[in-house]
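# Chains, contacts and geometry: an overview
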Amino acid sequence: MQHDLFSSLDSFQALSVAASALLVRDVAGQYRPAEADEVLLAAQQLLAAQQLLAAQVRGSDLMDSPAVVKDFLRARLGHLPHEVFAVVHLDAQNRVLEYVEMFRGTVSQTSVYPREVVRDALLRNSSALVLVHNHPSGAARPSRADEYLTQTLKQAAALVDVRVLDHFIVAGDSVNSMAEQGLV
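Positions within a chain are numbered from 1, following the residues in the order the chain's sequence is written. Local features in a predicted model are, by the rule used here, given only for residues with pLDDT of at least 70; side-chain atom pairs are given and counted only at 80 or more, and totals for whole chains, interfaces and linings are based on all residues. Hydrogens and water are ignored here; the side-chain numbers use all heavy atoms of the structure.

Next up on the list: the sheet that holds strand E4 (residues 96–104). Pairing within the open sheet is mixed, and its five strands lie in the order E4-E3-E5-E6-E7. The open sheet is flanked by E4 and strand E7 (174–177), the only strands paired with a single partner. For this sheet, the mean inter-axis angle between neighbouring strands, taken without regard to orientation, is 20°. Here, strands pair whenever DSSP counts at least two bridges between them. Here a helix means four or more residues in a row that DSSP labels H or I, a strand means two or more in a row labelled E, and each is numbered from the N terminus. Of the pairings in the sheet, the one linking strand E3 (residues 84–90) to E4 comprises seven bridges and is antiparallel in character. If you follow Leu 90 over to E4, its bridge partner there is Val 96. The criterion used for residue contact is that any of the two residues' heavy atoms lie within 4.5 Å. Each axis is a line fitted through C-alpha atoms, and for a helix only the stretch in contact is used; angles between axes span 0 to 180 degrees, taken between their N-to-C directions. Set on the sheet, helix H4 (residues 114–123) makes contact with E3, E4 and strand E5 (128–134); between it and E4 the angle comes to about 155°.

A pair of aromatic rings is counted whenever rings of Phe, Tyr or Trp (Trp by its six-membered ring) have centres within 6.5 Å, and the orientation is called stacked for planes under 30 degrees apart, edge-to-face for over 60 and tilted otherwise. What the rule picks out here adds up to three aromatic pairs. Here Phe 72 and Tyr 99 contribute two aromatic rings whose centre-to-centre distance is 5.0 Å and whose plane-to-plane angle is 90°, an arrangement assigned as edge-to-face. Taken together, the residues Phe 72 in helix H3 (residues 66–77) and Tyr 99 in strand E4 connect sequence positions 27 residues apart. Note on accessibility: Phe 72 and Tyr 99 belong to one class, buried. Plain terms: the ring middles of Phe 85 and Phe 103 are 6.1 Å apart, the flat faces sit at 45° to each other, and that makes the pair tilted. Here Phe 85 is found in strand E3, whereas its partner Phe 103 is found in strand E4, with 18 residues between them in sequence. Looking at Phe 103, the relative accessible area reads 11%, which means it is buried. Cluster of aromatic residues (ring-pair linked, three or more members): Phe 85, Phe 103 and Tyr 113. Partly exposed describes any residue whose relative accessible area lies between the buried limit of under 20% and the exposed limit of over 50%, with all areas from a 1.4 Å probe on protein chains only and scaled to the type maximum.

Residue placement: Asp 120 occurs in helix H4. Residue Asp 120 is classed as buried on the basis of its relative accessible area of 10%. Whenever a nitrogen or oxygen atom comes within 3.5 Å of another N or O atom, the pair is scored as a polar contact, on the condition that within protein one atom can donate a hydrogen and the other can accept it, and that pairs from neighbouring residues in sequence are kept only if both atoms are in side chains. Among the polar contacts listed, one links the side chain of Asp 120 to the side chain of Arg 124, at a separation of 3.0 Å. Leave out the neighbours within four places in its chain, and Asp 120 touches His 89, Val 100 and Met 102.

Okay, unusual backbone geometry next. Glycine aside, a negative phi is what most residues show, and trans is what most peptide bonds show. Not every positive phi belongs to a glycine, and Asn 94 is a case in point at roughly 60°. Its location among the elements puts Asn 94 in the loop between E3 and E4. Residue class for Asn 94 comes out buried when judged on its relative accessible area of 15%. Backbone geometry at Asn 125 places phi at a positive 55°, although glycine is not the residue there.

Geometry only, nothing functional implied.
Structural data, given as structure tokens:
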């Protein structure tokens, strides 16, 4: 009886280790625990894909390719468990100068300081801004606070001749444009 208990515990422990391991599918279609080099290769490929997407966005004409921008924002913010407020800085021809994650918050909110957003726009010599933040809750609809923040940032930026073109909200795979809804 004691032997049965220990063999059951051993098989449970093996099952528990396998359940926590990263699995890969081999050519026969069977799943097995991944080797360390396979995990590193997958991470390198994911990083390279994200860098390629960032390079596509940087220097591109934002208004001619909203799909690329939405894909970029989805990849950067869609999976995060906390809120992040970011700014896409644009030059006078609406080409991307830089993407900057400015503020990090909790699961349901983040504090955004208009003074810092305007200061950063001046430091980067931005002509226009695209605001973006994520909703970890999964709802891409703008809240009243999002609408108020957008108007506040738009007014503050206008004081130094910087335009706010849009405010995107990312929630998982969804990306919502407040400009498309007439809220900017």
